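# Chains, contacts and geometry: an overview
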Amino acid sequence: MLKSEYLQRVYTQVIKRDPDQKEFLQAVLEVLESLDAIVEAHSEYEANGVIESFVEPERIITFRVPWTDDQGQVHVNRGYRIQFNSAIGPYKGGLRFHPSVNLSILKFLGFEQVLKNSLTGLPIGGAKGGSDFDPKGKSDREVMRFCQSFMTELYRHIGQFTDVPAGDIGVGGREIGYLYGQYRRLRNTSEAGVLTGKGLAYGGSLARTEATGYGLCYLTQEMLKCMKNDSFSGKTVVVSGSGNVAIFACQKATELGGKVVAMSDSNGYIHDPKGIQLDVVKDIKLGHRGRIKEYAERVPGSTYTDGFRGIWTIPCDIALPCATQNEIDQEAAENIVKGGAMAVAEGANMPTLPEAIQIFQKAGMLFAPAKAANAGGVATSALEMSQNSMRYGWTFQEVDAKLQQIMVNIFHNIYNASVECGVTGDLVVGANIAGFKKVVEAMMAQGLV
Ligand code: NDP
Ligand code: 2IT
């Protein structure tokens, strides 16, 4: 229940408009609960309808995406782009291709992206898009034809100064390549800054592929140092997922002295008490898009178990959920606490249910929310845009150093915000308020509310 009558009224209206959008309602409620701490001191928010605007996307585009499979059969998927908020800069955020994609999921992701992008300190607004297309089991040519059809509509809505998509679940380097190629054909221009996550041969940035996972570990390391005088060194780590974010989180956590003992995909999880051999995971996942089960067949002493939620029964010091939303429910959170964990940092977007966050906070654990913890990906996307504008490329070390500094700054910004709000160490509130304040300042200064 929200204390502020104004916030309660706005939330009731959001529910009334979209009662079935459960992920969006979940994301909005969490942010409004944080804002409860500051709205009373800001009567201008209510007077200007600030929160009403803040929870409503500027624009939603949905479109038909027809494509032909290798047998000549036509399929029709649904495409989306949620242009949520452009107060700080061009709309920016990933594209997700997954059968579960719907308006609720993309609106929650777009909403969180607005705050995340604000926290990066870089000039980017927030957006999200995608399709209910399932790339699993499709040939390269099928994925190419789908991407070309998707871009044949999307191209008119995006541009380097308007809206800059990137990858997310099911959209990696291969898909970005096909999307960018089609954009260039349609526009007859080399406008590299229109998409990020591009290949290095055509305008991509070094370290973008690694950035989300690396950034997650940089922020976690700073949180451990400042709040517990501790580090990754000697810690047992569990990383859920085995996609882009999970793989590079595993790599950096290991480099920083941690031992990653478990990873997963949507079918199940592997446990390797000696420490995950990441080259094997990379070979399976990046080499031939295989299933994580294969790891246990290849690495003696490791085991595979069906069901992806079971991964949280494995005791660890640090939990890094890097698969998808709502993967940590109450039971999983209780298992993580029972296993003696000291910290959870979210690599995925909204992987932790609200009741699970409460369990962690009550247990006195450190908790780094996604908006801050996984912001390294989009921050490095913004660095890719900078390099494209300059027609120049930084070295891996240069980009990585900027990423590290951005993640350290984000941690201190959200920690200080938690102190200012009288909830020292509550980084959920810290991230929501620090992100929100900048967006609102930009909206009000430009007369957008
Ligand atoms: P990938 O597609 O590379 O990998 C996704 C991973 O999560 C796979 O292991 C996949 O398993 C698993 N997964 C996906 N959906 C589900 C599901 N419904 N249930 C269980 N497991 C699932 O995506 P990313 O690594 O890029 O994204 C992972 C998370 O990180 C997402 O929440 C994304 O929004 C977030 N994120 C990504 C960023 C990026 O730069 N890529 C930046 C910031 C956040 P399977 O192969 O079986 O489907
Ligand atoms: O959720 C995210 O921040 C992303 N998928 C990355 C977005 C981007 O524009 O790089």
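This text goes with the structure placed above it.
The following paragraphs examine the structure supplied in this document.

## Structural notes on the site of ligand 2
- Around ligand 2 there are 14 residues in total, and Lys92, Lys116, Asp168, Arg208 and Ser381 lie nearest to it.
- Between an oxygen atom of ligand 2 and a side-chain N or O atom of glutamine 113, the distance comes to 3.0 Å.
- Contact with the protein chains removes 94% of the 290 Å² of surface that ligand 2 exposes when unbound.
- Contributions of two or more residues to the shell around ligand 2 are made by β3 (91-97), α5 (103-119) and α15 (375-390).
- Residue classes in the shell around ligand 2 are distributed as 2 nonpolar, 7 polar and 5 charged.

## Topic: the sheet that holds strand β1 (residues 59-68)
- Ordered by their spatial adjacency, 5 strands build an open sheet running β1-β2-β4-β3-β5, and the pairing between neighbours is mixed. Taken across any chain shown, the strands that pair with only one partner, and hence form the sheet edges, are β1 and β5 (163-166). Across the sheet, the axes of successive neighbouring strands diverge by a mean angle of 20 degrees, strand direction being ignored.
- Relative to strand β2 (residues 74-85), β1 is paired through 10 bridges, and the arrangement is antiparallel. Pairing of tryptophan 67 across the sheet is with histidine 75, part of β2.
- On top of the sheet, helix α6 (residues 140-154) reaches β1, β2, β3, β4 (126-131) and β5; it is set at about 145 degrees to β1, its chief contact.

## Details of the site of ligand 1
- Close to ligand 1 lie 26 residues; Lys136, Asp168, Ser266, Arg291 and Asn349 are nearest.
- With respect to ligand 1, the side chain of aspartate 168 contributes an N or O atom lying 2.6 Å from an oxygen atom.
- Contact with the protein chains hides 86% of the accessible area of ligand 1, taken as 890 Å² for the molecule alone.
- When residues of the shell around ligand 1 are traced back to their parent elements, those giving at least two are α8 (208-228) and α9 (244-255).
- A breakdown of the residues in the shell around ligand 1 according to their chemical character gives 6 nonpolar, 13 polar and 7 charged.

## Thoughts on the pattern of salt bridges
- For the coordinates displayed, the defined rule picks out 21 salt bridges.
- Glutamate 222 is the salt-bridge partner of lysine 225, the closest N and O atoms lying 3.7 Å from each other. In this pair, lysine 225 and glutamate 222 are both assigned in helix α8, 3 residues apart and thus about one turn of the helix distant.
- Classification of lysine 225 by relative accessible area gives partly exposed; the value is 48%.
- Judged by its relative accessible area of 9%, glutamate 222 is buried.
- Connected via shared salt-bridge partners are Glu30, Glu112 and Lys371.

## Digging into the packing of α15 against helix α16 (residues 396-420)
- The N-to-C vectors of α15 and α16 enclose an angle of 135 degrees; their axes lie 10 Å apart at closest approach. In this view, α15 runs oblique relative to α16, as classed from their interaxial angle. For α15 against α16, the interelement crossing comes out right-handed. Between α15, through Ala375, Gly376, Ala379, Thr380, Leu383 and Gln387, and α16, the contact on the second element is made entirely by Val399, Lys402, Leu403, Ile406, Met407 and Ile410.
- Classifying every residue of the contact of α15 with α16 by side-chain character gives 8 nonpolar, 3 polar and 1 charged.

## Thoughts on unusual backbone geometry
- One non-glycine residue with positive phi stands out, namely asparagine 326, at about 55 degrees.
- Within the secondary structure, asparagine 326 is located in the loop between β10 (318-321) and α12 (330-338).
- Residue classification places asparagine 326 among the buried positions, given a relative accessible area of 12%.
- Phi is positive for arginine 391, which is not a glycine, with a value near 50 degrees.

## Quick look at the side chain of glutamine 182
- Checked against the element boundaries, glutamine 182 lands in helix α7 (residues 173-187).
- You can call glutamine 182 buried: its relative accessible area is 10%.
- In this structure, glutamine 182 is in contact with Gln148, Met151 and Thr152, ignoring residues within four places of it in sequence.

## Focus: the sheet that holds strand β9 (residues 303-306)
- Across the sheet, 7 strands lie side by side as β9-β8-β7-β6-β10-β11-β12; this open sheet has mixed pairing. Unpaired on one side and paired on the other, β9 and β12 (366-368) mark the two borders of the sheet. The sheet shows a mean angle of 15 degrees between the axes of neighbouring strands, taken without regard to direction.
- Bridge count between strand β8 (residues 268-271) and β9: 4 bridges; the pairing is antiparallel. Its bridge partner being in β9, tyrosine 269 is matched across the sheet by threonine 305.
- Its contacts with the sheet put α9 on β6 (236-240), β7 (259-264) and β10, and the angle it makes with β7 is roughly 170 degrees.

Calculation notes
- Residues numbered from 1 in each chain as written.
- Chains lettered and ligands numbered in written order.
- Predicted model: local features only at pLDDT ≥ 70, side-chain atom pairs only at ≥ 80, totals over all residues.
- Heavy atoms only, no water.
- Near = heavy atom within 4 Å.
- Polar contact = N/O pair within 3.5 Å; in protein donor to acceptor, adjacent residues only side chain to side chain.
- Areas by Shrake-Rupley, 256 points an atom, 1.4 Å probe, with all protein chains shown as cover.
- Helix = DSSP H or I, 4+ residues; strand = E, 2+ residues; numbered from the N terminus.
- Nonpolar A, V, L, I, M, F, W, Y, C, P; charged D, E, K, R; others polar.
- Pairing = 2+ DSSP bridges.
- Axes fitted to C-alpha atoms, helices over the stretch in contact; angles between N-to-C directions.
- Contact = heavy atoms within 4.5 Å.
- Salt bridge = Lys/Arg side-chain N within 4 Å of Asp/Glu carboxyl O.
- Buried < 20%, exposed > 50% of the residue type's maximum accessible area, 1.4 Å probe, protein only.
- Parallel < 35°, antiparallel > 145°, perpendicular 65-115°, else oblique.
- Left-handed = near helix turned anticlockwise from the far one by under 90°.

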